[in-house]
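# Observations on chain architecture
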Amino acid sequence: APAPRLAALLTAGPILSAYRAPGQAGPEGDQLVMGGAFSLASGQTLSGSLVILGGVATLEDGSRVTEDIVILGGTLRADGRVDGDIVSIGGLVDLGPTAVVAGDVNVLSGHLSRAEGTRIEGRVNRGFTGPYSPVSYPARVWAPGVDWGLGSVLTGGLWLIFRSVMWAMFALLAALLFPQHSERVRRAISQRAGVSLGLGALTILVAPLALIIVTITIIGIPVTLAALFLLALGWAFGLAVVGLEVGQRLVIAARQDWAPALSAGLGTFIVTLVGNAIGLVVPCVGWMLPVAVGALGLGAVLITRFGTQDEMAGVLPAPAAPEMIEES
């Protein structure tokens with residue numbers, strides 16, 4: 001699949017922008033063309049994958065690419081042979097009469113032109129033509145099952161507890177390593193729960209569409225990956241702080257004096273256990289509670305900028321000070 005290669009190329013791949021004259025040896029290893037022009041002459045072989053970011057690549061008749069070609073907002077003019085797949089996102093693929101593609105040709109929000117005589121041995125998959133069109137997903141993902149001989153109820157319950165324990169450990173570490181950040185986010189959850197929930201829900205609804213639009217731009221892939229990482233981190237941190245708030249309330253109700261990290265671990269364990277248990281028992285509506293809890297935490301993380309900003313100063317307008325009336 002081209003995705004792992006693309007990630008590696010974006011971080012460490014060599015950059016090509018010069019025309020290669022005939023007679024030169026073909027390049028070895030994966031290659032990245034960024035905003036320039038690259039040509040593979042007749043008789044040359046690129047031993048690896050080729051990624052084009054906003055550039056133009058030409059494969060002359062008799063040339064060969066041994067692996068995949070990925071185009072992100074660029075142009076590929078090919079008359080040679082491609083042993084792997086061609087994946088184009090927002091780009092132009094022009095296949096000449098002598099072009100041969102051994103794999104699939106996947107075009108997402110781009111254009112494919114194929115001359116008479118072009119040979120594509122795999123399938124041609126065309127995605128949506130604009131960012132607002134629906135995206136197709138597999139109807140069913142199959143995974144091998146494991147029969148432990150204990151019954152589905154017991155194994156499901158053990159897996160449920162294990163996940164809650166892992167979330168509790170994460171929350172405990174987050175509260176230990178970032179106590180001030182966790183406390184700022186917790187205050188936002190406690191004092192502005194409605195604002196946090198609304199912002200988190202809005203982010204969940206808007207972020208996927210925004211990331212799809214960004215992905216089809218020239219620099220979209222790195223930005224999308226960074227945004228996904230930050231959103232996942234914010235979701236996890238927010239869930240841990242929701243657990244901290246719940247744990248502290250339980251500790252106060254029990255008239256105990258626990259460290260915030262222990263309260264975070266206890267609260268997160270209970271929140272994730274209850275939420276996932278409801279989703280397991282009533283799957284049609286059980287997903288609502290985990291999503292609501294996650295949105296609440298994510299919104300609090302965003303308005304406090306991952307806990308770096310005290311309360312919501314600068315995000316929400318401060319209440320106006322009461323006017324003083326001087327008596328004459």
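Note: the structure precedes this text.
So, a few notes on the structure that sits alongside this text. (Residues numbered from 1 in each chain as written. Predicted model: local features only at pLDDT ≥ 70, side-chain atom pairs only at ≥ 80, totals over all residues. Heavy atoms only, no water.)

### Quick notes on unusual backbone geometry
The test is simple: Numbering of helices and strands runs from the N terminus; a helix is a DSSP stretch of H or I covering at least four residues, while a strand is a stretch of E covering at least two. Buried means the residue's accessible area, taken with a 1.4 Å probe over protein chains only, is under 20% of the maximum for its type, while exposed means over 50%, and partly exposed covers the values in between.
If you check the backbone angles, Arg255 has positive phi at about 55° while not being a glycine. In this fold, Arg255 is placed in the loop between α5 (220–253) and α6 (260–281). The exposure class of Arg255 is exposed, given its relative accessible area of 79%. Here Phe306, not a glycine, exhibits a phi torsion of approximately 60°, which is positive. By the element assignment, Phe306 lies in the segment after α8 (288–303). Given a relative accessible area of 28%, Phe306 falls into the partly exposed group.

### Considering the nonpolar core
Our working definition: Here, the term nonpolar core denotes a set of buried Ala, Val, Leu, Ile, Met, Phe, Trp, Tyr and Cys residues that are joined through side-chain atoms within 4.5 Å. It only takes one pair of heavy atoms within 4.5 Å for two residues to be counted as in contact.
Leu50, Ile52, Leu59, Ile69, Leu76, Ile86 and Leu95 are the most contacted members of the largest nonpolar core, which totals 23 residues. Elements with a contribution of two residues or more to this core: β3 (37–40), β5 (50–53), β6 (56–59), β8 (69–72), β9 (75–78), β12 (92–95) and β14 (105–108). When neighbours within four sequence positions are excluded, Ile69 is seen to be in contact with Leu50, Ile52, Leu59, Leu76, Val82, Asp85, Ile86 and Val87. Counting residues in each nonpolar core, the second largest holds 14 residues, with Val185, Ile189, Leu239 and Leu296 among its members.

### A few points about the packing of aromatic side chains
Where we set the bar: In this scheme Phe, Tyr and Trp rings, the latter by its six-membered ring, pair at centre separations within 6.5 Å, and the angle between planes marks the pair as stacked below 30 degrees, edge-to-face above 60, and tilted otherwise.
Throughout the structure, instances matching the rule amount to one aromatic pair. Ring geometry for Trp167 against Phe170: centres 6.0 Å apart, planes inclined by 90°, an arrangement best described as edge-to-face. Of the two residues, Trp167 and Phe170 both sit in helix α2 (residues 152–177), three residues apart, roughly one turn of that helix. According to the relative accessible area criterion, Trp167 is partly exposed, its value standing at 26%.

### Brief notes about the pattern of salt bridges
What counts, and what does not: Salt bridges are defined by distance alone: a side-chain nitrogen of Lys or Arg within 4 Å of a carboxyl oxygen of Asp or Glu.
The final tally for this structure, using the stated rule, is seven salt bridges. One salt bridge in this structure joins Arg186 and Glu183, with 2.8 Å as the shortest N-O distance. Of the two residues, Arg186 and Glu183 both sit in helix α3 (residues 179–191), three residues apart, roughly one turn of that helix. Assessed through its relative accessible area of 26%, Glu183 is described here as partly exposed. Arg186 serves as the salt-bridge partner of Glu245, at 2.7 Å between the closest nitrogen and oxygen. Here the residue Glu245 occupies a position in helix α5, and Arg186 occupies one in helix α3, the gap between them amounting to 59 residues. When its relative accessible area of 14% is taken as the criterion, Arg186 is described as buried. It is possible to trace a salt-bridge network through shared partners that takes in Glu183, Arg186, Arg187, Glu245 and Arg249.

### As for α6
Selection rule: Given a helix with a known number of residues, its expected span is that number minus one, times 1.5 Å.
For α6, built from 22 residues, the straight-helix expectation of 32 Å at 1.5 Å per residue is met to within 8% by its first-to-last C-alpha distance of 31 Å. Residues of α6 that are buried: Ala261, Ser263, Ala264, Gly265, Gly267, Thr268, Val271, Thr272 and Gly275.

### Let's talk about the packing of α3 against α8
Formally: Simply put, an axis is a line fit to the C-alpha atoms, just over the touching stretch for a helix, and the angle between two N-to-C directions goes from 0 to 180 degrees. Note on terminology: angles under 35 degrees are roughly parallel, angles over 145 are roughly antiparallel, angles of 65 to 115 are roughly perpendicular, and the others are oblique. Handedness of a helix crossing follows the sense of rotation of the near helix relative to the far helix, less than a right angle counterclockwise being left-handed and clockwise being right-handed.
Closest axis-to-axis distance for the α3/α8 pair is 9 Å, and the angle between their directions is 120°. The orientation of α3 relative to α8 falls into the category oblique. Note that α3 runs across α8; the crossing there is right-handed. Across from Val185, Ala188 and Ile189 in α3, the residues of α8 making contact are Leu296, Gly297, Ala300, Val301 and Ile303.

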